[in-house]
Amino acid sequence: MGSAYVVGQVTVHDPERWMEYVERVPETIAPWGGEVIMRGQRTAMLAGEPGHPNIVMLRFPDRKAVEQWYASPEYQALVPLRDSAAQVELAAYEG
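What you see is a predicted model; the values in this text were computed from it and never measured. The residue numbers shown here count from 1 along each chain, following its written sequence. Local features in this predicted model are restricted to residues of pLDDT 70 or higher, and side-chain atom pairs are both shown and tallied only at a pLDDT of 80 or more, whereas totals for entire chains, interfaces and linings draw on every residue. Excluding hydrogens and water, the side-chain values take into account all heavy atoms of the structure.

J.: Can you help me understand the overall build of the protein in this one?
T.: Check the secondary structure of the protein and you find four helices and four strands. Starting at the N terminus and walking to the C terminus, you meet the elements of the protein as β-α-β-β-α-α-α-β. Expected size for 95 residues packed as a compact globule is a radius of gyration near 12 Å; at 13 Å, the protein falls within 12% of this value. Along the first, second and third principal axes, the C-alpha set of the protein runs to 30 × 30 × 15 Å. Three exposure classes are used, based on accessible area relative to the maximum for each residue type with a 1.4 Å probe and protein chains only: buried under 20%, partly exposed in between, and exposed over 50%. For the protein, the residues scored as buried account for 29% of the 95 residues in total. Secondary structure elements follow DSSP: runs of H or I no shorter than four residues count as helices, runs of E no shorter than two count as strands, and numbering proceeds from the N terminus. The quantity called the radius of gyration is restricted to C-alpha atoms. Its globule counterpart is 2.2 Å times the number of residues to the power 0.38.

Dropping the structure here:
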């Protein structure tokens, strides 16, 4: 089994609250061996329909680490902040 990834597609509604969330997430992923691979804004739509304008990608050692991170009390404490700041779709992938 290879690494596992979390991909988030994001539309920010409250930039101040979103920045607070962004600053606090890394401390929740580190205990599970996770890291932020990239954060970015879409610069062009090459194919398909436009979705959220922002993306984030996290890498973890495996799918179990993703599940443990997402269910952790530390991350779950940030979910209300996340949801008040942005519309977020998160998906997990193995690769």
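There is more to say after this.
J.: Looking at this structure, I do not really get the nonpolar core. What am I missing?
T.: General note: in soluble globular proteins, nonpolar side chains tend to be found buried as a group. Ranked by size, the top nonpolar core spans 20 residues in total, and within it Trp18, Tyr21, Leu58, Phe60 and Trp69 carry the most contacts. Secondary-structure elements contributing two or more residues to this core are strand S1 (4-12), helix H1 (15-29), strand S3 (54-60), helix H2 (63-71) and helix H4 (79-85). With five residues, the single largest contributor to this core is H1. It only takes one pair of heavy atoms within 4.5 Å for two residues to be counted as in contact. The contacts of Trp18, once residues within four sequence positions are left out, are Val10, Val12, Arg39, Arg82, Ala85, Ala86 and Val88. What we call a nonpolar core is a set of buried Ala, Val, Leu, Ile, Met, Phe, Trp, Tyr and Cys residues that are connected through their side-chain atoms within 4.5 Å.

J.: What am I meant to see in the UniProt feature "domain: DUF1330" (unreviewed entry) in the protein here?
T.: UniProt positions are given in the numbering used here, feature names are shortened, and annotations may be inferred rather than shown by experiment. Here the UniProt-annotated "domain: DUF1330" (unreviewed entry) positions come out as residues 3-95. In residues 3-95, the share of helix is 38% and the share of strand is 34%. The end C-alpha atoms are 6 Å apart.

J.: What exactly am I supposed to notice about the sheet that holds strand S2 (residues 35-41) here?
T.: The strands making up a sheet associate through backbone hydrogen bonding, with each pair oriented either parallel or antiparallel. If you walk across this open sheet you meet the four strands as S2-S3-S1-S4, and the pairing is antiparallel. With partners counted over all chains shown, the strands left at the sheet margins are S2 and strand S4 (86-94), one partner each. Strand after strand, the sheet turns through a mean of 15 degrees between neighbouring axes, direction not considered. For helices, the fitted line uses only the C-alpha atoms of the stretch in contact; every axis is such a line through C-alpha atoms, and the angle between N-to-C directions lies from 0 to 180 degrees. Together, S1, S2, S3 and S4 form the strand contacts of H1, whose direction differs from that of S2 by roughly 160 degrees. Pairing between two strands requires that DSSP report at least two bridges joining them.

J.: Any chance you could explain a nonpolar patch on the surface here in plain terms?
T.: Together, Ile37, Met38 and Ile55 give the surface a local cluster of nonpolar side chains, amounting to about 200 Å² of exposed area. Locating Ile55 in the fold gives a position in strand S3. Residue class for Ile55 comes out partly exposed when judged on its relative accessible area of 31%. Note that patches include only residues with greater than 30% relative accessible area and no salt bridge, and the join distances are 9 Å for like charges and 5 Å for nonpolar side chains (Val, Leu, Ile, Met, Phe, Trp, Tyr). All accessible areas in this document rest on Shrake-Rupley with a 1.4 Å probe, and a residue is counted as covered only by the protein chains that are shown. The salt bridge definition used is simple: a Lys or Arg side-chain nitrogen within 4 Å of an Asp or Glu carboxyl oxygen.

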